[in-house]
Amino acid sequence: MKNYIVEQLKKQIEGFQTETKLEKIGKVLEIGDGVARISGLSDAMASEMLEFSDGTVAVALNLEEDQVGAMILGDFKGIKEGDEVKSTGKILSIPVTEKMIGRVINPLGQAIDGKEEIKSDKFYPIEKIAPGVIERKSVHQPVQTGIKAIDAMIPVGRGQRELIIGDRQTGKTAIAIDTIINQKGQDMICIYVAIGQKESKISRIVAELEKNGAMDHTIVIVAGASDSAAFSFISPYSGAAIGEYFMDQGKDVLIVYDDLSKHAWAYRQISLILKRPPGREAYPGDIFYLHSRLLERSAKLDEKFGGGSITALPIIETQAGDVSAYIPTNVISITDGQIYLEADLFYKGIRPALNVGLSVSRVGSAAQIKAMKKVAGKLRLDLAQFRELEAFAQFGSDLDEKTRAQIERGKRTVEILKQDQYAPMLVENQVSIIYALINGFLDDVAVEKISQWEADFHKFMKSSKKEVLEKIATQKELNDEIVADLNKAIEEYKNTI
Amino acid sequence: MKISTKQYAEVLYDLTLGKSEAEVNIVVEKFIKELVNGNQIKSASKIIEKFEKIYNKNNGIIEASVTSAEKLDKSQMEKIEKYLLDKYKAKQVVLNNEVKPEIKGGIILRVEDEILDGSILNQLRSLKSKLI
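Residues numbered from 1 in each chain as written. Chains lettered and ligands numbered in written order. Predicted model: local features only at pLDDT ≥ 70, side-chain atom pairs only at ≥ 80, totals over all residues.

A. Examining the overall build of chain B more closely. Scanning chain B from terminus to terminus reveals 5 helices and 4 strands. Listing the helices and strands of chain B from first to last along the sequence gives α-α-α-β-α-β-β-β-α. The principal-axis extent of the C-alpha atoms belonging to chain B is close to 60 × 35 × 25 Å. Sorting the 132 residues of chain B into buried and exposed places 12% on the buried side. Long-range pairs, those at least 24 residues apart, make up 58% of the contacts in chain B with a sequence separation of at least 6. (Helix = DSSP H or I, 4+ residues; strand = E, 2+ residues; numbered from the N terminus. Buried ≥ 20, exposed ≤ 12 C-beta atoms within 10 Å, placed from the backbone. Contact = placed C-beta atoms within 7 Å.)

Below is the structure:
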């Protein structure tokens, strides 16, 4: 054994050839808060990786006449003025591999969940130009979020960018997590990017994902609140790079950026330290491009280019419901629609606290299955009428029969659209309950008893009318035969109570 | 508009180009006065540094340093100088010899921000990264 090792070592060393090549070096002029100014490095490229003498990596951001402004990735305490910096000739890239699925990693692709190291010989650049017009196809397949209100009224398609916006504590992350959980068995790889989040929140989310068996198709990228701003800044791009790796193989990917307000803060910090001129709210001039180039990388590719997709669910936190602040308006204009959550609704007990009037999806309805399209149109109408009449609801007795019926239907609709956290619902179940609702089967059920009625209904359908659900799931439409079956099933259920 | 140190250095070079020593003295004196008036005397050292660079560049002079584990003898220094003259098409090379025992052997050549690392230490490092 000893001889074998020695032989192997000899062989390795014999084949070893050193080559001395010309390298460019610079000197650290100034260092502060994660940003270094470096003299020399006359050939440095934009976003090239630079290496300090202690092995720390930095990224060149500002290329000036005789110095380079660089953002340091990782710990910068060991770097001092006068240290040598080498340019590597490589654009910042991260390793990508299937082994990342089920893991928690940092934005540089290193494992931080205490399990084995992730190794890969494939690298993807962090910044990449988004797919062009030729490579794209219009969005046509649904992403089932498992949330009735969203799947019915604000549908999200594969390749779409749907913003989740709302105040703190209104359930933004909950919607994203529910969506990830619902992707189980739907052929979708999910990437959750935590940007500047509390580590406690991240560990809670990872635990919840594990409990619901969702980690098997999920990658969690963490730039915690105590990590440097540089990590927060690059983490969404890392997520997009990993997503592109899977998209290039023709797979479907869902990325949640939680949240882009903190991403903008991190970039503002770096820009200000780099002495770039501040603009509105002290954000730098390219803050719009920062988000647009990131979100533009979500796409549905044409079959000729593999047919993969990246769906993005960016999250934005507003202050006191102010959607007209700088960053929210920017991101609203970039995305293909928004899911708007309201604190008032949340406290009224309507959860998810979706404001149906302000939430839109600009492409999603093309991606709904036919059955859902059929029932969702009526649902939207019922709800819109209800909202108009809601103000009169308190004069209950003075209203004519028709108006009262509409108000009663509206109340039941609101009740049906409520849904618990971590309880995503299959699309066939959603279709059947909404069908029951819009066809008046619930009109004689008391509002307080609706949720119980619904829960029992799903149980009944699952145990004794499974074939109807299966028909909806496979045929994806509501033809006369299925409608008749559904009517019969609902009548039967009503007779049991 | 603010005048950069590089612009000052370039002006100084243009003014002194082809002048005799006596003329240069007058130019430099006036230049210093201008610096004081412009409140730029604090950046004098930077201007000098830049001026040296501009002067060297225009006259084909390169400053280089060679790091070795032991002090290099004259014939070795001459060889290196000749190599640099060829490589950079320079007229004159100002070569410094730095002695650093920790590089163990070989030499490290450095010209401005370029470095050619042929030390044993560097080779050992790359061997290490290959083996692990």
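From this point, the narrative continues.
B. Broad picture of helix α13 (residues 450-464) of chain A. Residues and elements named next belong to chain A. For α13, which comprises 15 residues, the first-to-last C-alpha distance of 21 Å matches the rise-based estimate of 21 Å (1.5 Å per residue) to within 8%. Turning to α13, its buried residues number three or more, namely W453, E454, F457 and M461. Around the axis of α13, the buried residues are gathered within 95° of arc, so they sit on the same side. Structural note: α13 exposes Q452, A455, K459, K462 and S463 on the side pointing more than 90 degrees away from its buried face. At its buried positions, α13 is contacted by α11 (401-417), α12 (427-438), α14 (466-475) and α15 (480-496). (Expected span 1.5 Å × (residues − 1). Arc of directions from axis to C-beta.)

C. Expanded view of the pairing of strand β5 (residues 67-73) of chain A. All names here are of chain A. In terms of burial, β5 is a largely internal element, 6 of the 7 residues being buried. Both strand β2 (residues 35-40) and β5 contribute to a ladder of 5 bridges, which runs antiparallel. Bridging across to β5, A36 finds its partner in A70. Here 6 bridges tie strand β4 (residues 57-63) to β5, and the two strands are oriented antiparallel to one another. Looking at the pairing, V59 lines up with M71 of β5. Counting the residues between successive antiparallel strands, the hairpin from β4 to β5 contains 3 residues. (Pairing = 2+ DSSP bridges.)

D. Looking closely at the environment of R387 of chain A. Along the chain, R387 of chain A turns up in helix α10 (residues 370-389). C-alpha of R387 of chain A to C-alpha of M247 of chain A: the two residues are 140 residues apart in sequence and 41 Å apart in space.

E. How the structure looks around the pairing of strand β3 (residues 106-111) of chain B. Residue and element names in this part refer to chain B. Note: strand β1 (residues 61-68) against β3, 5 bridges, orientation antiparallel. Of the residues in β3, the one forming a bridge with S65 is R110. Relative to strand β4 (residues 114-119), β3 runs antiparallel, the two sharing 6 bridges. Its bridge partner being in β4, I108 is matched across the sheet by D117. Count of turn residues in the β3/β4 antiparallel hairpin: 2 residues, of which E112 carries a positive phi of about 45°.

F. Inspection of the interface of chain A and chain B at higher detail. Counting residues at the interface gives 12 residues for chain A, matched by 11 residues for chain B. Class assignment for the residues of the side of chain A that touches chain B results in 4 nonpolar, 6 polar and 2 charged. With 3 bridges joining them, strand β1 (residues 22-32) of chain A and β4 of chain B adopt antiparallel strand pairing. Within β4 of chain B, the position partnered with K24 of chain A by the bridge is E114 of chain B. (Nonpolar A, V, L, I, M, F, W, Y, C, P; charged D, E, K, R; others polar.)

G. Here's a closer look at unusual backbone geometry. Along the chain, D258 of chain A connects to D259 of chain A via a cis peptide bond; the corresponding omega equals -5°. Following the sequence through the fold, D259 of chain A ends up in the loop between β15 (252-258) and α6 (260-273). The linkage connecting R351 of chain A with the following residue, P352 of chain A, adopts the cis geometry, with an omega of 0°. Mapped onto the elements, P352 of chain A comes out in the loop between α9 (343-347) and β18 (360-361). With phi around 60°, N39 of chain B is a residue other than glycine that occupies positive phi space. Mapped onto the secondary structure, N39 of chain B falls in the loop between α2 (21-37) and α3 (44-58).

H. Molecular detail of the confidence of the model for chain A. Across chain A, the average pLDDT comes to 92, with 99% of residues at 70 or higher. No element of chain A has a lower mean pLDDT than helix α1 (residues 2-14) of chain A, which averages 83, and none a higher one than strand β16 (residues 309-317) of chain A, which averages 97. (pLDDT = per-residue confidence, 0-100.)

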